[in-house]
Every structure is written in structure tokens, then in C-alpha cells.
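# Topology and contacts: notes
For reference, the chains in residue letters:
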Amino acid sequence: MKDLGPARHLLGMKISRHHDKRQLFLSQTDYIGRVLEHFNMQSAKSASTPLPFNLRLSQRDCPTSGSEGEDMKSVPYAPAVSSLMYAMVATRPDISHALGVVSKFMHNPGRSHWNAVKHVFKYLVGTKDHDILFGLNSTSGVVGYTDSDFAGCVDSRKSTTRYCFKFGYGAMSWKSKLQECTTTSTTEVEYVAASDATKEALWLGCLAHTFWQVDSDWAPVVYNDNQGVVALSKNPVHHNASKHIYVRYHFVRDCVI
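Summarised in this report is the structure supplied together with it. Here the structure is a predicted model, which means the values were calculated and not measured.

## Regarding the overall build of the protein
- Looking only at helices and strands, the protein features 8 helices and 8 strands.
- A burial count over the protein gives 42% of its 257 residues as buried.
- Summed over all atoms, the accessible surface of the protein reaches about 14700 Å², with 54% contributed by carbon and sulfur.

Written out as C-alpha cells, the structure is:
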């Protein structure tokens with residue numbers, strides 16, 4: 001065995017340390033650069049967002065004729081999405097929603113779906129040097145932010161749960177996933193998203209107590225921008241607009257302090 005010192009590269013991730021400031025940076029600049037070169041997108045014009053504004057992809061955009069199917073056989077759709085998926089899981093929470101959208105059409109992608117994937121590549125062209133900063137600040141603790149769209153899936157009319165948790169400066173856990181149930185109001189869809197975020201907050205809180213030795217009376221904080229969700233989580237009364245919500249989502253009330 002040989003001691004090579006502090007890790008600088010690990011599984012395609014670059015690790016940089018500022019010991020004087022007690023900061024650590026995690027990035028995938030080299031990995032993203034290789035992915036862009038592999039799919040010949042390194043010289044593409046950069047985009048400011050992972051997906052175009054108001055883009056709505058659907059199964060109706062999938063190939064329906066033999067000629068369209070033959071045209072898409074030469075497109076490396078699945079390898080491209082898989083390559084982007086690793087960047088999203090490791091250091092790039094900002095492309096989570098975009099990959100959640102394009103990955104739904106892996107079985108039969110169309111030309112518009114491929115254009116959306118290339119738009120993600122264009123976004124990474126201008127942001128491949130972005131990294132995650134881990135360090136302590138004056139308000140260090142697990143803080144989460146949760147949000148969702150409403151009936152964002154054109155085909156099933158289901159909504160997407162999204163949350164991101166930070167410890168100190170950097171994002172440490174994130175998720176963007178289509179919900180299992182079809183919701184009927186913005187309050188319900190936000191409530192379902194808050195339930196998933198609360199589960200993650202409880203787990204991260206246990207990690208904080210175990211590894212970072214935080215105070216015993218400390219608890220994670222989850223922010224939500226829907227006043228109906230805030231009221232519903234504090235008030236156990238069933239209203240006509242919320243009495244049909246599954247019982248398993250109401251456990252968030254027990255976690256509010």
C-alpha cells in the first residue's frame with residue numbers, strides 16, 4: 001500500500017480544498033468536457049437554462065412511422081442521457097429536472113426529445129466549470145427547499161416533486177421525480193412534495209446528529225412557498241378540498257415543531 005495523500009480525483013470528480021477557509025469544492029469539469037467531446041457538442045453555443053422555457057415534451061412526439069424510426073436509430077439518445085445522469089447524480093442538481101423529463105422517452109425517443117437533450121449539453125457548455133462548495137457558515141445546518149409543478153406531464157397529467165437540501169453552503173441531497181399519484185390542486189401537489197422532502201429531512205437530520213455532532217434539540221428546516229401547505233401541515237382538520245389526500249402523506253404533521 002502507498003499513501004498518495006489527500007484525494008484530488010475520484011470517479012470523474014475533482015476535489016479541491018481550501019484548508020485555511022475550511023472549504024471543499026467538488027466538480028466534474030473534466031468529465032463533462034469528455035462527454036461533450038464524445039457527443040461532438042463541445043463547440044455548441046451555450047444556453048442559459050437546462051431546458052427551453054415552457055417546453056412540453058410528450059409521447060405524441062415519438063416516432064410513429066418507419067422512416068422516423070430509422071432516422072432515430074442513428075441518434076445516441078440512451079448513451080447521452082446515461083452520461084448526463086452521472087453528472088446529475090454526483091455534482092449537478094441543476095439538471096435534475098431536465099433529465100427527469102428526457103429520460104421518460106428512452107424507449108422510443110423522437111427528434112424533439114433529442115433536441116431537448118442537446119439543449120442540456122448546450123447548458124453544460126457554459127456551466128461545466130461550476131462546482132459545489134462544502135463548508136460551514138454562521139447558519140450551518142440541514143436546510144431544505146421543496147417545490148413542484150402542477151400537472152406538468154402532458155401525457156399522464158401527473159406532477160413533479162422537487163427538493164434540494166443544503167448543509168452549510170453546498171447542496172448535499174436533491175431530487176426531481178414524477179409523483180406516483182395524480183393530484184387535483186396546487187396545494188395537494190405541494191403537500192405531496194413536502195411529504196417526500198420531510199422524509200429526506202429526517203434521514204439527513206440523523207446523519208447530522210451522528211457525524212457532525214449538532215445540538216440534540218436541533219432539527220432540519222424545510223421551506224415551502226405554498227401557504228395552503230403550511231396551514232394543512234399544522235391543522236389536522238379535513239377540508240373538502242383535502243380530505244381525499246392519502247393518509248401516508250399526512251405524517252408531515254407529526255414532524256412539524
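## Observations concerning the sheet that holds strand β4 (residues 131-135)
- One open sheet accounts for 4 strands, arranged β1-β2-β3-β4; its pairing is antiparallel. Taken across any chain shown, the strands that pair with only one partner, and hence form the sheet edges, are β1 (9-10) and β4.
- Examined bridge by bridge, β1 and strand β2 (residues 13-18) share 2 bridges and lie antiparallel to one another. Bridge pairing in β2 links H9 to K14.

## Digging into the sheet that holds strand β8 (residues 221-224)
- Pairing is mixed across the open sheet formed by 4 strands, whose spatial order is β7-β6-β5-β8. Lying at the two open borders of the sheet, with one neighbouring strand each, are β7 (170-178) and β8. Here the average twist between neighbouring strands, direction ignored, is 15 degrees.
- Relative to β8, strand β5 (residues 142-148) runs parallel, the two sharing 4 bridges. Paired with V143 across the strands is V221, a residue of β8.

## Here we look at helix α7 (residues 227-234)
- Looking at α7, one finds that the buried residues are V229, L232 and S233. Along α7, the residues classed as buried sweep out an arc of 100 degrees about the axis, all on the same side. Along α7, exposed side chains directed more than 90 degrees from the buried face belong to Q227 and K234.
- Structurally, the start of α7 carries an N-cap: the backbone nitrogen of G228 is 2.9 Å from a side-chain oxygen of N226.

## Digging into the environment of G144
- Considering the arrangement of structural elements, one finds G144 in strand β5.
- Along the backbone, G144 and K166 are 22 residues apart, and their C-alpha atoms lie at a distance of 6.3 Å.
- Not counting residues up to four positions away in its chain, the partners in contact with G144 are C164, F165, V221, V222 and Y223.

## Topic: the packing of helix α1 (residues 29-38) against helix α5 (residues 111-127)
- Two numbers describe how α1 lies on α5: the axes approach to 10 Å, and their chain directions differ by 135 degrees. Judged by the angle between their axes, α1 and α5 are oblique. The handedness of the crossing between α1 and α5 comes out as left-handed. Counted together, I32, V35 and L36 of α1 and F121, L124 and V125 of α5 form the full contact between these two elements.
- In the contact of α1 with α5, the residues fall into 6 nonpolar, no polar and no charged.

## A look at the nonpolar core
- Ranked by internal contacts, the top residues of the largest apolar core, which has 34 residues, are Y77, L84, I95, V102, W114, V117 and F121.
- Mapped onto this core, the elements with two or more residues apiece are α1, α3 (77-90), α4 (96-102), α5 and β7.
- Broken down by element, the residue count for this core peaks at 8 residues, all from α5.
- The residues touching W114, leaving out its near neighbours within four places in the chain, are M72, V75, P76, Y77 and A80.
- With 8 residues, the next largest nonpolar core counts F165, F167, A197 and L204 among its residues.

Cut-offs and rules
Residues numbered from 1 in each chain as written. Predicted model: local features only at pLDDT ≥ 70, side-chain atom pairs only at ≥ 80, totals over all residues. Heavy atoms only, no water. Helix = DSSP H or I, 4+ residues; strand = E, 2+ residues; numbered from the N terminus. Buried < 20%, exposed > 50% of the residue type's maximum accessible area, 1.4 Å probe, protein only. Areas by Shrake-Rupley, 256 points an atom, 1.4 Å probe, with all protein chains shown as cover. Pairing = 2+ DSSP bridges. Axes fitted to C-alpha atoms, helices over the stretch in contact; angles between N-to-C directions. Arc of directions from axis to C-beta. Polar contact = N/O pair within 3.5 Å; in protein donor to acceptor, adjacent residues only side chain to side chain. Contact = heavy atoms within 4.5 Å. Parallel < 35°, antiparallel > 145°, perpendicular 65-115°, else oblique. Left-handed = near helix turned anticlockwise from the far one by under 90°. Nonpolar A, V, L, I, M, F, W, Y, C, P; charged D, E, K, R; others polar. Core = buried A, V, L, I, M, F, W, Y, C linked by side-chain atoms within 4.5 Å.

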